[in-house]
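Read off the chains here:
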Amino acid sequence: MIDNHILAPILVQLFTAIMQLAFWRKTLTQRYLSVGGSLIGLMVAFRLFGRVHESGILTINAANWDAPFGIVFVADLLSVTLVLLTSIACFAVSIFSSVGLSRQRMLYGYFPIFHFLIMGLHGAFLTGDIFNLYVFFEVIIISSFVLMTLGGRKAQLEGAVKYMAMNILASMFFLTGIGILYGITGSLNMADLSIRIQEVQNTALVGITACFFIIGFGIKSAVFPLYYWLPSSYHTPPSAVAATFGGLLTKVGIYAMLRVFSLIFVPDEFTRTLLMVIAVLTILTGAFGALIKTNIRRLFSYLIVCHIGFMVGGIAMFSKVALMGAVFYLIHDIMVKTNMFLVAGVIRQLGGTMDMNKLGGLYRDYPKISLLIALVLFSLVGIPPLSGFWPKIFLFQEAFNQHQYFYVVALIIGSFVTLYVIANMWAQVFWKNPPASEDLENRFAPMPPYKKILMVLPIGLMTLVTLYIGLNAEAIVNVTDIISTQLMDPSAYIDAVLGNKTD
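Reading the values: rules and limits
- Residues numbered from 1 in each chain as written.
- Predicted model: local features only at pLDDT ≥ 70, side-chain atom pairs only at ≥ 80, totals over all residues.
- Heavy atoms only, no water.
- Helix = DSSP H or I, 4+ residues; strand = E, 2+ residues; numbered from the N terminus.
- Rg over C-alpha atoms; globule rule 2.2 N^0.38 Å.
- Buried < 20%, exposed > 50% of the residue type's maximum accessible area, 1.4 Å probe, protein only.
- Contact = heavy atoms within 4.5 Å.
- Areas by Shrake-Rupley, 256 points an atom, 1.4 Å probe, with all protein chains shown as cover.
- Salt bridge = Lys/Arg side-chain N within 4 Å of Asp/Glu carboxyl O.
- Polar contact = N/O pair within 3.5 Å; in protein donor to acceptor, adjacent residues only side chain to side chain.
- 1 Å grid on protein atoms, 1.4 Å probe; cavity = no way out; pocket = protein on both sides within 12 Å on 5 of 7 lines; lining within 4 Å.
- Points joined across faces, edges and corners; volume = space filled by probe spheres on them.
- Nonpolar A, V, L, I, M, F, W, Y, C, P; charged D, E, K, R; others polar.
- Axes fitted to C-alpha atoms, helices over the stretch in contact; angles between N-to-C directions.
- Parallel < 35°, antiparallel > 145°, perpendicular 65-115°, else oblique.
- Left-handed = near helix turned anticlockwise from the far one by under 90°.

Things to note about the overall build of the protein
Counting secondary structure elements, the protein contains 21 helices and two strands. The C-alpha atoms of the protein give 22 Å as radius of gyration, which agrees with the globular expectation for 503 residues (23 Å, within 12%). Out of the 503 residues in the protein, the part that is buried amounts to 60%. For the protein, restricting intrachain contacts to residue pairs at least 6 apart in sequence, the fraction spanning at least 24 positions comes to 80%. Only carbon and sulfur atoms are counted for the fraction: they give 66% of the accessible area of the protein, which is about 18700 Å².

Right, dumping it as structure tokens:
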């Protein structure tokens, strides 16, 4: 079904960013525009999600060029679910940014660039053209590089160089893979590629092309051994920026894997084995890296790496149950990881540092905020019946069915290490008495009441969403069931894009 509303989430963010450029020096106006634009984007995303859930896959051909010759935008349940989650995270981060950033950083263009970044994310989720996916990836990379360097501190610039270098490398592999793919099929439309790739006789060349995409998406997702740029860079920008990065950017790589390796390169035995090895090593690397970190954001960065491996393992097993687990975990991870970095920002304001050894006594001084943060931590760990628990059931079930025992062991290690490091963080930051030798500045106490509310409110909103995902898991399972069915059998996607042209 053709529907112009598909472009609405992209256009809302684009126009919000453009309007903010007209108020470059007026940071208060930019804050209002950011929160207002994010709220409108959230409402548009809810409406689009409802339409797709009720009516099925929606499409629109750019400039009215019929597929596969023109650029097509496709809204299936996977893409609109991620658009909705991105819009929720965007709304929360925009509220946090209004009080969590210095005016100096806002004057560098934080809010317009932030909305250009969200526009790129929405575009990547909704496009049905593989080259257009690359274009939106570049919008994301450029915007995120600017956000990472805002303020110009040495640590930020050092992290940004590592971030940019590895993402340029990822783009090179991605673009090379697209070039080869176009050369052997003559098409860039992903639905059309799904058909044409089956007609290519040179299976070795198809396999090599698939490897280019694995490397490109692997770097963007921060999988082993291409992960080291993430913990070296995500701890350097402001917490609002880190929340956007931690919750959303690596998940674009996972989305791209789900889309490309279900629609174009259906995994063969070699690809599945390669992805499973990568998944196991990614989980173990992230888990062991988190064990030795005392900086809260570095700790969270390694947990991002660890939990990316959970999702890659689900893709590697490539069955309906495994994909249900991977997609469910993706939904959970976007919400929780965004919230975790917002939590880190609040802890920084409360204690004046991110070093757990120098913190302490936050539960004594701020019991209500601490209990709110505890709900976020419990969800991250996967305490039943919260959101992190349910997807692991599907992943464990399918891993046992397919005798993927190394993956089972990695899941157990990753889960217990997550529990240990989060429990240790809670004990260090909230329960123990603060070191007598440390005299750190509490920036939260002198804030006006409205600023305190605006800083904690986004964490509360995200926590409510996380609780909904966990406590209403049946509804999420129903959504992931439809998504996994569409991924395993992409005929509905292909028919929606190409119609009768497949005959």
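Read on, since the account is not over.
Here's the deal with unusual backbone geometry
Cis geometry is found at the peptide bond from Phe 224 to Pro 225, where omega equals 0 degrees. Tracing the chain through its elements places Pro 225 in the loop between helix H9 (203–221) and helix H10 (229–233). Put simply, Pro 384 and Pro 385 share a cis peptide bond, and its omega is 5 degrees. Turning to its location among the elements, Pro 385 is positioned in the loop between helix H16 (367–381) and helix H17 (390–401). The residue Ala 222 is not glycine, and still its phi comes out positive at about 65 degrees. Turning to its location among the elements, Ala 222 is positioned in the loop between H9 and H10. Despite not being glycine, His 403 has its phi angle at roughly 60 degrees, a positive value. Examined against the element boundaries, His 403 turns out to sit in the loop between H17 and helix H18 (405–431).

Side note on the pattern of salt bridges
Going through the model one piece at a time under the given rule, you end up with seven salt bridges. Between Asp 192 and Arg 196 there is a salt bridge, with its nearest N and O atoms 2.9 Å apart. Taken together, the residues Asp 192 and Arg 196, both in helix H8 (residues 190–196) and four residues apart, mark about one turn of the helix. For Arg 196, a relative accessible area of 29% puts it in the partly exposed group. Of the charged contacts, one joins Asp 481 and Lys 320 as a salt bridge, the two residues approaching to 2.9 Å between their closest N and O atoms. Note that Asp 481 is positioned in helix H20 (residues 473–488) and Lys 320 in helix H14 (residues 320–351), a separation of 161 residues in sequence.

Looking at the environment of Thr 244
Inspection of the secondary structure assignment puts Thr 244 in helix H11 (residues 239–263). Since its relative accessible area comes to 2%, Thr 244 is described here as buried. Separated by 150 residues in sequence, Thr 244 and Ser 94 place their C-alpha atoms 9.9 Å apart. Engagement of the side chain of Thr 244 in a polar contact is seen with the backbone oxygen of Ala 240, the distance being 3.1 Å.

A closer look at empty space enclosed by the protein
Per the stated rule, a full pass over the model turns up two cavities of 30 Å³ or more. Approximately 100 Å³ is the volume attributed to the largest cavity. Where the lining of the largest cavity is concerned, the elements lending two or more residues are helix H6 (130–149), helix H7 (154–185) and H11. Considered class by class, the residues forming the lining of the largest cavity number eight nonpolar, two polar and one charged. Approximately 70 Å³ is the volume found for the second largest cavity. Lining the second largest cavity we find Asp 76, Arg 259, Ser 262, Leu 263, Ile 483, Gln 486, Leu 487, Pro 490 and Tyr 493. Going through the elements one at a time, H11 and H20 are the ones with two or more residues in the lining of the second largest cavity. Its residues assigned to classes, the lining of the second largest cavity comprises five nonpolar, two polar and two charged.

Comments concerning the packing of H6 against H11
Angle between the axes and distance between the axes: these two values describe a pair of packed helices. Close contact between H6 and H11 brings their axes to 12 Å; oriented N to C, the two are set at 165 degrees. It follows that H6 is roughly antiparallel to H11 by the angle criterion. Between H6 and H11 lies a crossing of left-handed hand. Every residue of H11 that contacts H6 at Ile 130, Leu 133, Phe 137, Ile 140, Ser 144, Leu 147 and Met 148 is listed here: Val 241, Phe 245, Leu 249, Val 252, Ala 256 and Val 260.

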